[in-house]
There are 2 protein chains.
Amino acid sequence: MRAGPSQEEIRRHNLGALLRSVHVSGAVSRAELTASLGLNRSTIGALTAELAAAGLVTEETPRDRGRAGRPSLVVRPESYQVYVLAFAIEADRLTAARVGLGGLILDRRETSRPPGEASPAEVVAPLAEFARQMARATPRHARLIGSAVATNPVVRGRNGLLRPGASGGGADTSRAPFASALTQALADALARTGSPGGAGRPPALVSRGCADLAALAEYTRGAATGRASVIYLHGDGGVDGSVITGGRQLTGQDGTGGQIGHMVVNPAGQPCGCGSRGCWETEIGEYALLSAAGRPANSGRTGVAAVINAASHGDTRAQAALHQVGEWLGFGVANLVTIFNPEMVLFGGTLRDVYLASTAQVGRRLTRAGSPERRSGLRLRTATLGEDGVLLGAAELAFERLLSDPLTDPAI
Amino acid sequence: MRAGPSQEEIRRHNLGALLRSVHVSGAVSRAELTASLGLNRSTIGALTAELAAAGLVTEETPRDRGRAGRPSLVVRPESYQVYVLAFAIEADRLTAARVGLGGLILDRRETSRPPGEASPAEVVAPLAEFARQMARATPRHARLIGSAVATNPVVRGRNGLLRPGASGGGADTSRAPFASALTQALADALARTGSPGGAGRPPALVSRGCADLAALAEYTRGAATGRASVIYLHGDGGVDGSVITGGRQLTGQDGTGGQIGHMVVNPAGQPCGCGSRGCWETEIGEYALLSAAGRPANSGRTGVAAVINAASHGDTRAQAALHQVGEWLGFGVANLVTIFNPEMVLFGGTLRDVYLASTAQVGRRLTRAGSPERRSGLRLRTATLGEDGVLLGAAELAFERLLSDPLTDPAI
C-alpha cells in the first residue's frame, strides 16, 4: 500500500494526461481539456505551454465558429514532427509504418510472406528494409521517439527455424528471436540513413503479442474506446485474444494470460500444437475452416475470404465448413461471456469476416447458453481499425513511454 | 482521463492507507509504516495522531526488545471499540459475527438450515435474532461502523420462495430480497436493544456474493495475501468463483463476472439450473458428487465430508464419485489457468476438501493440458480462513467504507 503521490509526480501525471488526451483526440480545445481533466484553466495553460516548448503540441486559434466571445485555443499533437516506427509480424504478412503523434499513419509498407516456418533473418530483413526506406523519406527535423513490433511468441521448430503467427506455443516459445534481430537490424538501418531521432538515441524497440496490440488500438481509438470490459478475439493463422477488465489488459502473472484460443472446448477434439486437445483454436482457427472447406490449410486471410465468398454464392461445402466453425465460435464466446461478463466482444483479424458470416448463428448459441442477465447490455462488434489494427497497436505501444512521462524521454 | 489528486485528496488517501495497514497487520510499528507507505516520519506521526484522536487506533511503546535506542511506537487498531456486523447466508447454514477493526472476531453465531427454498423471513429472522443477541453483549461505548451480508443472487422459485446458495441463477435472480429484509430486521433489532453505534446511524447494510467475499478475505488476510492474480473457487451447494487480476476483483460490466461455475465444460453434459447444459457446476458441484456416491443430493457440507471420508476408508463407490469429480475439476482448472495465467488457484468451501482428496489427479490433468509455460510459478492452494472465509469477507466489505475514507464516516 503506497502513500499518495508527490507534487512533482502529480505534475508529471498531469502532463501525461494532457498529452494523452491530445494524442487520442487529434485536436482538442483548452476548454474541453479543462473539463475532461478536472484542472483549472491556468493549470491547463501552463501544462500546454510546457508541452509546446518541448515540441510535442501546438496551439492555434480555431476558425471563426460564428459565436460570440473569445474562442478557446485548440491544442494539436505535432504529428509530423514526433513519430514512432511500428512493425507487425503476422502469420502471412509483414507490415511497417511511420506513425505520428495522434495516431496518424505517415508512411506504410507491406509485403506478404508464405505462412509457416522461417529464419529470423527472412522475417527481419524486409522489415529493416522498410525502416531504411521510411527513414530516407522522413523530414530532417522529425524526431523518432520509440519503436515497437507486434509479434507473437514463436515456436522454435526443427533446424532453428521459427514459426510466427502461432499462438499458445509449445515448450520452447519466445518473442525474443524476432524482436532482438529486429532491434539490431533497425539500429543498422537507421545508422546508415542518418539518425532521424535528432539528438539522443531512440528508446529500445519494445514488443508484445498481435492480439494484445490490436486490442490496445481498438481500446484507444477503435470500437472499444472507453469500454472497461472487452473481450477481443483475433484470428491470424491461429486464434488469440486479449481481455480488458476494469480498463486494463489482463496479462496474468507472467504475461501469458488471455490465451483464450487454447481453452479446451471439445474434450473429444483434435490434438493442438500447444500439446493439449480440442482447444478452441482447433475448432475455429483458419486451418479448421480451410480444411473443412477442402482448401489449402495455410492459405491465410485470402483463403478465409475465399471460403466466405464461396459460401455466400451457394457452395455447400463452404457453407457447411462455415456453419461448423460458427457453432464452435458461438460456444466459446458464450463461455467467455459467462466468465467475464464483458460489455463487448470484438472480432478482429480473420475472425472479423467469420463472425460477420455467422452473426445470427453466434447469437443463437449465446441465447441457448442460459442466464440472460449475463448478456444484458452485451454488444458483439467487429474491429473498426480493420487490417491495420495490429500495426496501430504497435504504434500505441511505442508511444506509451512518451505519454506516461512526456518530458523525460531521452529523444526529447 | 482524470488529472492528479488535490492535497486534501492525498491526505485522505494517506489516512486510509495507514488505517488499512494497521487493520490488515493488527499492529505495526511507526518505522514499518514509514517504510511501507513511503512517507516521512513526521507525516506518519501526524496521520497517526489524527486517527488516534478519532478513536480508530492507539499507540503504545513496545515491550523492551533488548536493543539499544528508542523503540518505534506500535500502532494498533481499536478492535474492541470499532466494529462491524457481518452476516453470511450460505446454502446450508446462516452465520453472523461481530468483528472488530483488525479483523478480530469478537462474537460469532451459527445455525444450520435445510438446503432448498425458503421465504425471506425464514432466512432473515435467525440472523436478526443473532444481531439482537450480539448487540446485548456489546460494550456500551463500542461503535458500529458498518454491516454487510454475504448472499448470492437468489432464484425466485414457485410461491415467491427463494433458494439461497444457488449460483448462476435463472431469469429472475437478485441479491435484493434477503439484503433488504435483513436491513429492516437489523434496524428493528438494534433499535430495541439501544443503538450500539453511539451518536450517528451506522451506514446501510451492503451485500455481495459469497465467493467474492471469501476471495476478498483470502486476499486481505489469507492464502492469497499480496497475490495480484488469483482464481478462487468456492463450493457451496453449487460452484462459484472469484477472479483477481491485477490486484482487483473481476466484476464484469454489471457485477456478474466470474461465474466460472457456469462455463460449459461438457457440451454433452446434464442440463443446469441456469438454463445451459454441461456447466462445470453440473460436473463438480456437491450434487454431482453426492449423487454419484449414492447419497442424498442435498446433504451439503456434511454429506461431502462423509463421501471423502468413505473414499479414504475404501468405499469404492465413493472413490469412483470422487475420481469422476476430480477429472472435471482438473479439466476446468486447466482451462482457467490457460485463460487467466494466475499466480494461484485457491480452493474454498466444500471444494477445499474435494481438492485435497484429488490433488494428484488435478495435477495430472493440468500437465496434460499442454504448454508448461502457462503453469510456471503457478500454486494450487486451499483457503486458509476455513469455515469463516465468507463471514470474514463480509466483515472486510463492511469495513471498506471506513478504510477508504476514515474521517468522514458518519458514525465516527
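Residues numbered from 1 in each chain as written. Chains lettered and ligands numbered in written order. Predicted model: local features only at pLDDT ≥ 70, side-chain atom pairs only at ≥ 80, totals over all residues. Heavy atoms only, no water.

What to know about the nonpolar core
Then, number 1: Counting residues in hydrophobic clusters, the biggest one holds 84 residues, and the most contacted among them are L233, L329 and F340 of chain A together with L233, L329 and F340 of chain B.
Then, number 2: If near-sequence neighbours (up to four positions away) are discounted, L233 of chain A is found in contact with D240, G241, I260, W280, V333, L336, V345, L346, F347, G348 and L351 of chain A. (Core = buried A, V, L, I, M, F, W, Y, C linked by side-chain atoms within 4.5 Å. Buried < 20%, exposed > 50% of the residue type's maximum accessible area, 1.4 Å probe, protein only. Contact = heavy atoms within 4.5 Å.)

Describing helix α9 (residues 300-312) of chain A
Residues and elements named next belong to chain A.
Then, number 1: With 13 residues, α9 should cover 18 Å at 1.5 Å per step; its first-to-last C-alpha distance of 19 Å lies within 8% of that length.
Then, number 2: If you check which residues of α9 are buried, you get G300, G303, V304, V307, I308, A310 and A311. Down the axis of α9, the smallest arc covering the buried residues is 160°, so these residues share one side. Across α9 from its buried face, at more than 90 degrees, point the exposed residues T302 and S312.
Then, number 3: Tucked inside the fold, the buried residues of α9 contact α8 (286-292), α10 (316-340) and α11 (350-357).
Then, number 4: The positive-phi residue at the C-terminal boundary of α9 is G314, with phi of around 100°. (Helix = DSSP H or I, 4+ residues; strand = E, 2+ residues; numbered from the N terminus. Expected span 1.5 Å × (residues − 1). Arc of directions from axis to C-beta.)

A few points about the packing of α9 of chain A against α11 of chain A
Residues and elements named next belong to chain A.
Then, number 1: Relative orientation of the contacting elements α9 and α11 amounts to 10°, with a least axis distance of 10 Å. Our classification of the angle between α9 and α11 gives roughly parallel. Where α9 abuts α11, its residues R301, V304 and I308 lie against T350, D353, V354 and A357.
Then, number 2: Across the contact of α9 with α11, the residue classes tally to four nonpolar, one polar and two charged. (Axes fitted to C-alpha atoms, helices over the stretch in contact; angles between N-to-C directions. Parallel < 35°, antiparallel > 145°, perpendicular 65-115°, else oblique. Nonpolar A, V, L, I, M, F, W, Y, C, P; charged D, E, K, R; others polar.)

Focus: the sheet that holds strand β5 (residues 93-100) of chain A
All names here are of chain A.
Then, number 1: Here we have five strands laid out as an open sheet, ordered β6-β5-β4-β7-β11, and mixed in their pairing. Both outer strands of the open sheet, β6 (104-112) and β11 (206-208), are each paired with one neighbouring strand and no more. Averaged over all neighbouring strand pairs, the angle between strand axes comes to 15°, with direction disregarded.
Then, number 2: Of the strand pairs in this sheet, strand β4 (residues 82-89) and β5 are connected by seven bridges, and their pairing is antiparallel. Bridge assignment links F87 to a residue of β5, and that residue is A96. (Pairing = 2+ DSSP bridges.)

Examining the confidence of the model for chain A
Then, number 1: Here chain A averages 86 in pLDDT, while 86% of its residues score no lower than 70.
Then, number 2: If you check the scores for this complex, the pTM reads 0.83 and the ipTM reads 0.77. (pLDDT = per-residue confidence, 0-100.)

Re the environment of A52 of chain A
Residue and element names in this part refer to chain A.
Then, number 1: Inspection of the secondary structure assignment puts A52 in helix α3 (residues 41-53).
Then, number 2: The class for A52 is partly exposed, based on a relative accessible area of 31%.
Then, number 3: Once the C-alpha coordinates of A52 and V75 are considered, the two residues, 23 residues apart in sequence, prove to be 9.1 Å apart.

Examining the packing of helix α1 (residues 7-25) of chain B against helix α2 (residues 30-37) of chain B
Helix-helix packing is characterised by the crossing angle of the two axes and by the distance between the axes.
All names here are of chain B.
Then, number 1: Viewed as axis vectors pointing N to C, α1 and α2 meet at an angle of 125°, and their least axial separation amounts to 11 Å. Taken as axis vectors, α1 and α2 run oblique relative to one another. In this structure, α1 meets α2 at a crossing whose hand is right-handed. Across from A17, L18 and S21 in α1, the residues of α2 making contact are L33, S36 and L37.
Then, number 2: Here the residues of the contact of α1 with α2 sort into four nonpolar, two polar and no charged. (Left-handed = near helix turned anticlockwise from the far one by under 90°.)

Side note on the packing of aromatic side chains
Then, number 1: Tallying each qualifying case throughout the model produces five aromatic pairs over all chains.
Then, number 2: Geometrically, the ring pair formed by W328 of chain B and F331 of chain B is edge-to-face, given 5.4 Å between the ring centres and 75° between the ring planes. A residue pair is termed a helical-turn pair when its members lie 3 or 4 positions apart in one helix, as W328 of chain B and F331 of chain B do in helix α10 (residues 316-340) at three residues.
Then, number 3: Look at F347 of chain B and Y355 of chain B: their rings are 3.9 Å apart centre to centre, the planes differ by 0°, and that puts the pair in the stacked class.
Then, number 4: Against the face of Y83 of chain A rests R98 of chain A, its NZ or CZ located 4.7 Å from the ring centre. (Phe/Tyr/Trp six-rings, centres within 6.5 Å; stacked < 30°, edge-to-face > 60°. Lys NZ or Arg CZ within 6 Å of the ring centre and 35° of its normal.)

Examining the sheet that holds strand β15 (residues 344-349) of chain B
Residues and elements named next belong to chain B.
Then, number 1: If you trace the five strands from one edge of the open sheet to the other, you get β14-β13-β12-β15-β16, paired in mixed fashion. The strands lining the two open edges of the sheet, one partner per strand, are β14 (248-249) and β16 (379-382).
Then, number 2: Two strands pair when backbone bridges link them, and strand β13 (residues 238-245) and β14 are joined in this way by two bridges, in the antiparallel orientation. Paired with T245 across the strands is R248, a residue of β14.
Then, number 3: Against the sheet, helix α11 (residues 350-357) touches β12 (230-236), β13, β15 and β16, its axis set at about 120° to β15.

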